[in-house]
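Tertiary structure, described
Read off the chains here:
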Amino acid sequence: MGFILGITGGIASGKSTVVNVFKEKGFPIVDGDIVARQIVEPGKPALAAIKAAFGSEVILPTGELNRKKLGGIVFQDSNKRQQLDRILNPYLRQQIKAEMAFWKNKSPLVIADIPLMYEGHYDHYMDEVAVVYVDFLQQKKRLMARDNIDEKTAEAKINSQMPLAKKRALADTVFDNNGSKEETVQQVLNWLENHFEK
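About the cut-offs
Counting of residues starts from 1 at the beginning of each chain's written sequence and follows it residue by residue. A pLDDT threshold of at least 70 governs which residues receive local features in this predicted model, and a stricter bar of 80 or more applies before side-chain atom pairs are shown or counted, although totals over entire chains, interfaces and linings include all residues. Side-chain measures here rest on the full set of heavy atoms in the structure, leaving out hydrogens and waters. Here a strand is any run of E in DSSP of at least two residues, a helix any run of H or I of at least four, and the numbering for each starts at the N terminus. Only protein chains enter the accessibility calculation, which uses a 1.4 Å probe; a residue whose area is less than 20% of its type maximum is buried, one above 50% is exposed, and one in between is partly exposed. It only takes one pair of heavy atoms within 4.5 Å for two residues to be counted as in contact. Polar contact is the term for a pair of N or O atoms within 3.5 Å; when the atoms are in protein, one must be able to donate a hydrogen and the other to accept it, and sequence-neighboring residues count only if both atoms are side-chain atoms. Strand pairing is defined by DSSP finding a minimum of two bridges between the two strands. Note on method: axes are straight lines fitted to C-alpha atoms, helices fitted across the in-contact stretch only, with angles between N-to-C directions ranging 0 to 180 degrees. Within this scheme a cavity is a closed region of a 1 Å grid, computed over the protein atoms alone, that accommodates a 1.4 Å probe without allowing it to escape, whereas a pocket is open but has protein on both sides within 12 Å along at least five of seven lines; lining residues each have an atom within 4 Å of a point. Grid points are joined across faces, edges and corners, and a volume is the space filled by probe spheres set on the points. Note on residue categories: nonpolar means Ala, Val, Leu, Ile, Met, Phe, Trp, Tyr, Cys or Pro, charged means Asp, Glu, Lys or Arg, and polar means any other residue, Gly included.

1. Focus: the overall build of the protein chain
The helix and strand tally for the protein chain stands at nine helices and five strands. Beginning at the N terminus, the succession of helices and strands in the protein chain can be written as β-α-β-α-α-α-α-β-β-α-α-α-β-α. Dimensions of the protein chain, computed from the C-alpha atoms along their principal axes, are close to 55 × 45 × 25 Å. For the protein chain, the proportion of its 198 residues judged to be buried stands at 42%.

2. Focus: the environment of Gln-139
By the secondary structure assignment, Gln-139 is in helix α6 (residues 136–147). On the accessibility criterion, Gln-139 (4% relative accessible area) is buried. Spatially, the C-alpha atom of Gln-139 lies 9.3 Å from that of Glu-155, the residues being 16 residues apart in sequence. Leaving out residues up to four positions away in the same chain, Gln-139 has contacts with Gly-10, Ile-11, Ala-12, Val-134, Ile-158, Gln-161 and Leu-164. At a separation of 2.9 Å, a polar atom in the side chain of Gln-139 contacts the main-chain carbonyl oxygen of Ile-11.

3. Concerning the sheet that holds strand β3 (residues 109–113)
Backbone-to-backbone hydrogen bonds pair the strands of a sheet. The strands run either parallel or antiparallel. The parallel open sheet is built from five strands, whose spatial order is β2-β3-β1-β4-β5. Looking along the sheet, the strands with just one partner apiece sit at the ends: β2 (29–31) and β5 (173–176). Put simply, the sheet's adjacent strands are angled 25 degrees from each other on average, direction ignored. Here strand β4 (residues 128–133) pairs with β5 via four bridges, running parallel. For Val-131, the partnering residue across the bridge sits in β5 and is Val-174. Against the sheet, helix α1 (residues 15–24) makes contact with β1 (3–8), β2, β3, β4 and β5, and its axis sits at roughly 155 degrees relative to β1, the strand it touches most. Most of the contacts of helix α9 (residues 181–196) go to β5, to which it runs at about 150 degrees, and overall it touches β1, β3, β4 and β5.

4. Section: the layout of surface pockets
Over the atoms a probe the size of a water molecule is rolled, and this reveals where empty space is left. If you add up the space inside the second largest pocket, you get close to 160 Å³. What lines the second largest pocket is simply Tyr-133, Val-134, Asp-135, Phe-136, Gln-139, Ile-158, Asn-159, Gln-161, Met-162, Pro-163, Leu-164 and Ala-165. Sorting the residues of the lining of the second largest pocket by element identifies α6, α7 (151–159) and α8 (164–170) as the ones contributing at least two each. Looking at the lining of the second largest pocket, its residues break down into eight nonpolar, three polar and one charged.

5. Brief notes about the environment of His-195
Within the secondary structure layout, His-195 lies in helix α9. Residue His-195 is classed as partly exposed on the basis of its relative accessible area, which comes to 37%. Distance in space between the C-alpha atoms of His-195 and Leu-109 is 9.7 Å, their sequence separation being 86 residues.

Here it is in structure tokens:
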């Protein structure tokens, strides 16, 4: 049976750098963002549930979800956003659990890349949770550069998430990404060596 390592972080914390190390080593990745897109594809029950709740204007003529329209509705109204989360949560959880179960029988290590690991209580399904950590100033600097946004916008985006310091305190393992990319990659390789290459 495979070991499930959950990986989470914050916006611009460098989570994809860490996940890519595992990917390059050939371990399967269950990606929460990809699953979230898959469950709202045309013909899927989650999409029908969104249409029932938010009306047909959030569905494009092609039958696909109009993300822009739905985004516009939920970003301005936290009640609507919570409603959307409540609708999607069971489908998302079911699919993530199914994918983890599938890979668990095929690989000694499965990576579950889940942005809302603690917020969505996905940590209960993991054998271990690793948090990719950067301090606030570094996170802000990287986000401003990455998304080409001003300081205020970057701070608002970071503050809309659970603080990384809080996630770090809950984590079993911390990959500190305040240094260079090479240093972060080395931490991941060390973790792998300690857990799987004895």
